[in-house]
Amino acid sequence: MVDDEPAILDTLSRFLRFVGYDVRTAATAHEALAAARDFLPELILLDVMLPDGDGFEVMHRLRQDGLPQAVVFLTARDTRKDLVRGLTSGGDDYITKPFGLDEVAARIQAVLRRTRPRAGTDPVLRVADLELDSATYTVHRAGTAIDLSPTEFRLLRYLMLHRGRVVPRAQLLDHVWSYDFNGDDTVVATYISYLRRKIDSLGPALIHTQRGVGYSIREPR
């Protein structure tokens, strides 16, 4: 957990330990990067406004290091622009202050349910020559490794779990981001375009748009 307000850091970290989480804390961007690289947490609860930088940059640095931890932003910056930036930059959820302790714990649980591999399921999904391995967090097409952000990976995995079916945009928002954007699905279209540039550039198109409905992934005709 990263926050430069001592009272919030102390209260929330105590609560999260009480409900069963192993927690490390940091109050600056520098401390956050060092702690994340050493502790390798499953999830980072990250304030946006820090005394020596901002949470968006911290997340970007961690992604550059290849650390795929889930990130939940916790911030007083509550404009729609900040929210969209936080989620389209790779964040898994965005909680604005003030908040309830139970709400934070519930949102953390929801993110971890989406990002942890499910026990007893085959970690490898395939569509044509595209292969996604949830256990090793890797994606290949025709033997070529594809570097995806955590959000891109979750979106692709969800489409592959529903291969051959058109998945509505609202359903993608609910299961990949767990946030409805009050009907604004721009973030879905943005990430679909990211996936197309990385995946469909390596062979016949696999990702398709059903205008006015949603998206699907299927074998080439």
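Preceding this section is the structure that the text describes.
Conventions used here
- Residues numbered from 1 in each chain as written.
- Predicted model: local features only at pLDDT ≥ 70, side-chain atom pairs only at ≥ 80, totals over all residues.
- Heavy atoms only, no water.
- Salt bridge = Lys/Arg side-chain N within 4 Å of Asp/Glu carboxyl O.
- Helix = DSSP H or I, 4+ residues; strand = E, 2+ residues; numbered from the N terminus.
- Buried < 20%, exposed > 50% of the residue type's maximum accessible area, 1.4 Å probe, protein only.
- Phe/Tyr/Trp six-rings, centres within 6.5 Å; stacked < 30°, edge-to-face > 60°.
- Pairing = 2+ DSSP bridges.
- Axes fitted to C-alpha atoms, helices over the stretch in contact; angles between N-to-C directions.
- Contact = heavy atoms within 4.5 Å.

### Thoughts on the pattern of salt bridges
Reasoning step 1: Counted according to the given criterion, the structure contains 13 salt bridges.
Reasoning step 2: Between lysine 97 and aspartate 3 there is a salt bridge, with the nearest N and O atoms lying 2.9 Å from each other. Here aspartate 3 lies in the segment before α1 (6–18) and lysine 97 lies in the loop between β5 (93–96) and α5 (101–115), a separation of 94 residues in the sequence. Like aspartate 3, lysine 97 is buried.
Reasoning step 3: Note that arginine 163 and glutamate 219 form a salt bridge whose closest N and O atoms lie 2.9 Å from each other. Within this pair, whereas arginine 163 is found in the loop between α6 (150–161) and β10 (167–168), its partner glutamate 219 is found in the segment after β12 (214–217), the two being separated by 56 residues in sequence.
Reasoning step 4: Salt bridges sharing partners connect three or more residues here, namely Asp3, Glu5, Asp47 and Lys97.

### Quick word on the packing of aromatic side chains
Reasoning step 1: This model, assessed by the stated rule, comprises 4 aromatic pairs.
Reasoning step 2: Members of the aromatic cluster, each reached through a chain of ring pairs, are Phe56, Phe73 and Tyr94.

### Points about the sheet that holds strand β4 (residues 70–75)
Reasoning step 1: The 3 strands lie next to each other as β1-β4-β5, forming an open sheet whose pairing is parallel. Either end of the sheet is taken by a strand with one partner, and the two such strands are β1 (43–46) and β5. Put simply, the sheet's adjacent strands are angled 15° from each other on average, direction ignored.
Reasoning step 2: Two strands pair when backbone bridges link them, and β1 and β4 are joined in this way by 4 bridges, in the parallel orientation. Directly across from leucine 45, in β4, lies its bridge partner valine 72.
Reasoning step 3: Seen against the sheet, α5 touches β1, β4 and β5 and runs at an angle of roughly 175° to β5.

### Observations regarding the sheet that holds β12
Reasoning step 1: Strand order in the open sheet formed by 3 strands is β10-β12-β11, and the pairing between neighbours is antiparallel. Whereas interior strands pair on both sides, the edge strands pair on one side only; in this sheet they are β10 and β11 (207–210).
Reasoning step 2: Bridge count between β11 and β12: 4 bridges; the pairing is antiparallel. What sits directly across from histidine 208, in β12, is serine 216.
Reasoning step 3: Lying over the sheet, α6 contacts β10 and β12, oriented at roughly 75° with respect to β12.

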